[in-house]
Amino acid sequence: MDSETGRLQEFLNGVRDEAPILIGVAPFGMIYGVLAVSAGLSTLAAQSMSFILFAGSAQFILARLIADSASLMVMVMTVFVVNLRHALYSASVAPYVARLPLRWKFLLSYLLTDEAYAVTIRRFAVSGVTPLGHWYFLGAGLTLWSCWQASTAVGVFLGSQIPPSWGLDFTLALTFIAIVVPLIADRAMLVCAVVAALAALLFAFLPMKLGLLAAAAAGIVAGFWSDR
Amino acid sequence: MSREWIAITVAALFTFLTRFSFIALSGRWTPSKRLCRALQFVPVAVLCAIIAPEVLSPTGSILPLFSNPRIPAAIVAILIAWKWRSTLGAIAAGMALFWLFKL
């Protein structure tokens, strides 16, 4: 096969397989945009966060922590632990991109989100290591990226039109409830969830949102401990 | 540079390095099963630690249980997310109930 058309074909396969996921991603991006602006971020900062951080739930959390005047350490540490799962994705796709030049590794790392990973690893698991597989990854990743940037922009625009009296900040808690409930699949996860929630209320007196990190640590330890 | 920009930039750098980590190592080291399991608890713990105060003490102290509209809204959202796994359904129903109780 001509490698030029082969690349395009792989890229388009990635776009095609990622597309159905956008139905769930687009509203989420809009909600992020609305929330970030109603939390007090400038429209430029809200949109830039989608561009340079590019990480769904971590962006919701960081927007809220900025509004709550959390310390820099708490903000960075919280985003870091929330995104630690990406290290697992990185380990899992590593064998398939091991032979690529560094610029490709940089680009694909930037695009390695939950949704791009889910689609790409399914394909890699079936096809194995192929010479043009990274074009599939790029197609899936860029499709998600474009959708996230566009839906954030719509949300940022809407958010700047909606008055604070609507109480839209509460959508943060509801969004996180919708994300976290399906993750609680066994008893250890439930223990982790309950302990983290109670500890967060208990540690709420700590300054600069330090209680958040303490509560998360308590939940992780409790879940891990009850697992054995 | 203001606080929000420093936070966004540093957090983005950490996130990129996390994603790049094993790709950079090209599969020369893989995480253990125990570490993978521990990492699965992280999003659940962090999200629950954010949700609880947002629902029960949005103003800093725990609101009276029976006049806090966030509690029934959160319960309905939990039930919908659990029963139907619908993200948008949970958010929409929760907000609808929240507004209804605030009226």
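Residues numbered from 1 in each chain as written. Chains lettered and ligands numbered in written order. Predicted model: local features only at pLDDT ≥ 70, side-chain atom pairs only at ≥ 80, totals over all residues. Heavy atoms only, no water.

Enquirer: Any chance you could explain the overall build of chain A here in plain terms?
Expert: Check the secondary structure of chain A and you find 12 helices and zero strands. Starting at the N terminus and walking to the C terminus, you meet the elements of chain A as α-α-α-α-α-α-α-α-α-α-α-α. Going through the 228 residues of chain A one by one, you find that 52% of them count as buried. Long-range pairs, those at least 24 residues apart, make up 78% of the contacts in chain A between residues at least 6 apart in sequence. Summed over all atoms, the accessible surface of chain A reaches about 9,700 Å², with 71% contributed by carbon and sulfur. (Helix = DSSP H or I, 4+ residues; strand = E, 2+ residues; numbered from the N terminus. Buried < 20%, exposed > 50% of the residue type's maximum accessible area, 1.4 Å probe, protein only. Contact = heavy atoms within 4.5 Å. Areas by Shrake-Rupley, 256 points an atom, 1.4 Å probe, with all protein chains shown as cover.)

Enquirer: How do you make sense of the overall build of chain B when you look at a structure like this?
Expert: Summing up its helical and strand segments, chain B has four helices and zero strands in all. Reading the helices (α) and strands (β) of chain B from amino to carboxyl end gives α-α-α-α. Radius of gyration (C-alpha) of chain B: 19 Å, far over the 13 Å computed for a compact globule of 103 residues. For chain B, the proportion of its 103 residues judged to be buried stands at 45%. Here the contacts in chain B between residues at least 6 apart in sequence split such that 24% fall between residues at least 24 apart. (Rg over C-alpha atoms; globule rule 2.2 N^0.38 Å.)

Enquirer: Explanation requested: the interface of chain A and chain B in the structure shown.
Expert: It is common to give the size of an interface as the accessible area that goes away when the parts come together. Of the residues lining the interface, 82 residues belong to chain A; the matching set on chain B comes to 62 residues. Sorting the residues of chain A by area buried against chain B places Phe170, Leu201 and Phe224 of chain A first, and these three jointly supply 10% of that buried surface. Taken together, the connections running from chain A to chain B amount to three salt bridges. Note that Asp227 of chain A is salt-bridged to Arg37 of chain B, the shortest N-O span being 2.6 Å. (Buried area = accessible area lost by both parts, 1.4 Å probe. Salt bridge = Lys/Arg side-chain N within 4 Å of Asp/Glu carboxyl O.)

Enquirer: I keep staring at helix α8 (residues 114–127) of chain A and nothing clicks. Help me out?
Expert: The α-helix advances 3.6 residues per turn, and as a result positions three or four apart in sequence lie on the same side. Residues and elements named next belong to chain A. With 14 residues, α8 extends 20 Å from end C-alpha to end C-alpha; this agrees with the ideal 20 Å at 1.5 Å per step. All of the buried residues along α8 are Ala116, Tyr117, Val119, Thr120, Ile121 and Phe124. Of the surrounding elements, those touching the buried residues of α8 are α1 (3–18), α6 (85–97) and α9 (133–159). Among the residues trailing α8, Gly128 stands out with phi positive, at a value near 75°. (Expected span 1.5 Å × (residues − 1).)

Enquirer: Got a minute to help me understand the pattern of salt bridges in this structure?
Expert: Side chains bearing opposite charge may pair, as long as their charged atoms lie close to each other. Applying the stated rule across the entire model yields seven salt bridges over all chains. Between Glu4 of chain A and Arg7 of chain A there is a salt bridge; the shortest N-O distance is 3.8 Å. Taken together, the residues Glu4 of chain A and Arg7 of chain A, both in helix α1 and three residues apart, mark about one turn of the helix. With a relative accessible area of 53%, Glu4 of chain A lands in the exposed category. On the basis of relative accessibility, which here comes to 33%, the residue Arg7 of chain A falls in the partly exposed class. Look at the salt bridges and you will find they share partners, linking Asp186 and Asp227 of chain A together with Arg37 of chain B into a network.

Enquirer: Looking at this structure, how should I read the packing of helix α7 (residues 102–110) of chain A against helix α1 (residues 3–25) of chain B?
Expert: Axis angle and axis distance: for two packed helices, these are the angle between their axes and the distance between the axes, and together they describe the pair. Across the interface, α7 of chain A lies against α1 of chain B with an axial gap of 8 Å and an inter-helix angle of 130°. Relative to α1 of chain B, the element α7 of chain A is oriented oblique. Considering only the axes of α7 of chain A and α1 of chain B, their crossing is right-handed. For the pair α7 of chain A and α1 of chain B, contact is made by Leu102, Lys105, Phe106, Ser109 and Tyr110 of chain A and by Phe16, Arg19, Phe20 and Ile23 of chain B, respectively. Across the contact of α7 of chain A with α1 of chain B, the residue classes tally to six nonpolar, one polar and two charged. (Axes fitted to C-alpha atoms, helices over the stretch in contact; angles between N-to-C directions. Parallel < 35°, antiparallel > 145°, perpendicular 65-115°, else oblique. Left-handed = near helix turned anticlockwise from the far one by under 90°. Nonpolar A, V, L, I, M, F, W, Y, C, P; charged D, E, K, R; others polar.)

Enquirer: Explanation requested: the domain arrangement of chain B in the structure shown.
Expert: What the domain assignment reports for chain B is domain 1 (1–30) and domain 2 (32–102). Distance between the C-alpha centres of domain 1 of chain B and domain 2 of chain B: 28 Å. (Domains from an automatic or database assignment.)

Enquirer: Which parts of the structure should I look at to understand the environment of Asp17 of chain A?
Expert: All names here are of chain A. Its place among the elements puts Asp17 in helix α1. Residue class for Asp17 comes out partly exposed when judged on its relative accessible area of 22%. Sequence separation between Asp17 and Arg123 is 106 residues; the distance between their C-alpha atoms is 9.3 Å. With residues up to four places along the chain from it excluded, the contact list for Asp17 reads Val119 and Tyr136.

Enquirer: What's the story with the confidence of the model for chain B in this structure? I'm lost.
Expert: Any segment with low pLDDT has predicted coordinates that should not be analysed in fine detail. This prediction gives chain B a mean pLDDT of 88; 98% of its residues lie at or above 70. Highest mean pLDDT in chain B belongs to helix α3 (residues 70–84) of chain B (95); lowest belongs to helix α2 (residues 33–56) of chain B (87). (pLDDT = per-residue confidence, 0-100.)

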